[in-house]
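Structural overview
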Amino acid sequence: MNDLRGRVTKDGIRLYLPTDFAGMRVAGRVAAEILDEVGPLVRPGVTTADLDAFIAERVSAKGAVSATIGYTPPGRDPYKHASCISVNDVVCHGVPGGKIPRRKDNVLLDGDILNIDVTVIVDGWYGDTSRMYVAGTAKPYAKRLIQVTHDGLMQGIAAVRPGQTFGDIGHAIQAHVELARMSVVRDFCGHGLGRVFHAPPNVLHYGRPGTGAMLEPGMFFTIEPMVNLGRPETRELADGWTAVTRDGKLSAQYEHSVGVTETGVEVFTLSPAGLFAQALA
């Protein structure tokens with residue numbers, strides 16, 4: 001199966017051309033810039049709705065389009081926000097403006113940890129990234145969770161090169177996380193992207209070495225491990241989006257969009273200001 005952007009593997013994974021990397025670099029940089037810019041706003045007393053409004057304005061100001069506003073998965077209502085903001089025990093898909101679990105509102109308190117996830121479209125290319133933030137001062141165990149999650153992502157990225165498999169990526173992350181006596185969420189995964197938001201493959205953040213599809217140059221996908229301080233199980237709240245830990249313990253997530261090169265990996269969503277790990281400062 002062929003088209004102007006290259007072929008599709010037997011596993012249904014599109015292989016993009018070397019010239020396509022330029023579009024992903026631009027989209028990834030825009031998404032990363034927005035996460036750089038929202039960082040100073042994350043502090044006690046700010047609402048998740050405030051943060052999302054700022055992100056929506058910055059997406060528009062940069063001439064991009066939010067990939068999440070109007071996004072409608074099968075069986076769900078359209079999503080209405082420019083970001084997902086997941087606070088404390090929210091694993092992913094936290095809805096800005098929605099109540100923070102076990103609270104009456106969406107106001108951040110001192111010590112809250114949160115993941116902000118942004119996806120933009122620039123000239124038809126999708127840039128998808130997320131990172132952790134702290135409102136005020138995090139507890140030591142929360143800081144450790146954030147560190148393990150960040151380092152797990154980096155271990156996964158380090159496993160990306162032609163000839164490796166997706167199982168190698170998942171194993172690298174799982175081994176790092178479980179060595180720290182934390183757990184990798186199984187209910188959600190990374191995904192292919194490029195000129196679409198979600199496409200094959202599913203990028204699991206756990207696995208066995210040498211299993212799964214083989215990595216080839218031109219594959220574009222996200223790696224976005226969710227790590228729980230307690231058990232890996234999750235549950236979905238009544239809003240149909242927000243996923244939380246079943247045991248109520250903290251969760252953290254980091255995400256990069258990457259492309260497989262002839263010799264290794266290119267990360268499209270690096271922070272231009274060097275702030276990707278700012279929650280660990």
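For the structure itself, consult the block above.
Owing to the predicted nature of the structure, the values given are computational and were not obtained by experimental measurement.

Volume-wise, the largest pocket comes out at about 520 Å³. The wall of the largest pocket is formed by 25 residues, among which Tyr71, His93, His191, Phe197 and His198 lie closest to the centre. Elements with a contribution of two residues or more to the lining of the largest pocket: β6 (113-122), β9 (190-192) and β10 (199-203). Sorting elements by how many residues they give to the lining of the largest pocket places β6 first, with three residues. Here the lining of the largest pocket is composed, by residue class, of 12 nonpolar, eight polar and five charged. Looking at the second largest pocket, its volume works out to about 160 Å³. The wall of the second largest pocket is formed by Asn88, Arg103, Leu109, Asp110, Gly111, Asp112, Ile113, Thr137, Lys139, Tyr141, Ala142 and Leu250. A class-by-class count of the residues in the lining of the second largest pocket yields five nonpolar, three polar and four charged.

Our next topic: unusual backbone geometry. Here the bond from Pro200 into Pro201 is cis, since omega is 10 degrees, no more than 30 degrees from zero. Its identity is not glycine, yet His93 carries a phi of approximately 60 degrees, on the positive side. His93 sits in the partly exposed class, given a relative accessible area of 28%. A positive phi is found at Arg102, a non-glycine position, where the angle reads about 65 degrees.

Using the criterion set out here, one finds zero disulfides in the structure. Cys84 provides the cysteine sulfur closest to Cys92, a residue in no disulfide bond, and the two sulfurs are 7.8 Å apart. When its relative accessible area of 5% is taken as the criterion, Cys92 is described as buried. With no disulfide of its own, Cys189 has Cys92 as its nearest cysteine by sulfur position, at a separation of 10 Å. For Cys189, a relative accessible area of 25% translates into the label partly exposed.

Turning our attention to the nonpolar core. Counting 37 residues, the largest nonpolar core has Ile113, Phe166, Ile169, Met219, Phe221 and Ile223 as its most contacted members. Elements that contribute at least two residues to this core include exactly β7 (125-134), α3 (140-158), α4 (166-179), β11 (220-223) and β16 (256-260). Per-element accounting of this core gives the leading share, six residues, to α3. Dropping the residues within four chain positions of it, Ile223 is found in contact with Leu153, Gly156, Ile157, Val160, Ile169, Ile173, Val203, His205, Tyr254, Glu255, His256 and Val258. Ranked by size, the runner-up nonpolar core spans 35 residues in total, among them Val42, Ala64, Trp125 and Ala135.

Each value, and the rule that gives it
- Residues numbered from 1 in each chain as written.
- Predicted model: local features only at pLDDT ≥ 70, side-chain atom pairs only at ≥ 80, totals over all residues.
- Heavy atoms only, no water.
- 1 Å grid on protein atoms, 1.4 Å probe; cavity = no way out; pocket = protein on both sides within 12 Å on 5 of 7 lines; lining within 4 Å.
- Points joined across faces, edges and corners; volume = space filled by probe spheres on them.
- Helix = DSSP H or I, 4+ residues; strand = E, 2+ residues; numbered from the N terminus.
- Nonpolar A, V, L, I, M, F, W, Y, C, P; charged D, E, K, R; others polar.
- Buried < 20%, exposed > 50% of the residue type's maximum accessible area, 1.4 Å probe, protein only.
- Disulfide = S-S within 2.5 Å.
- Core = buried A, V, L, I, M, F, W, Y, C linked by side-chain atoms within 4.5 Å.
- Contact = heavy atoms within 4.5 Å.

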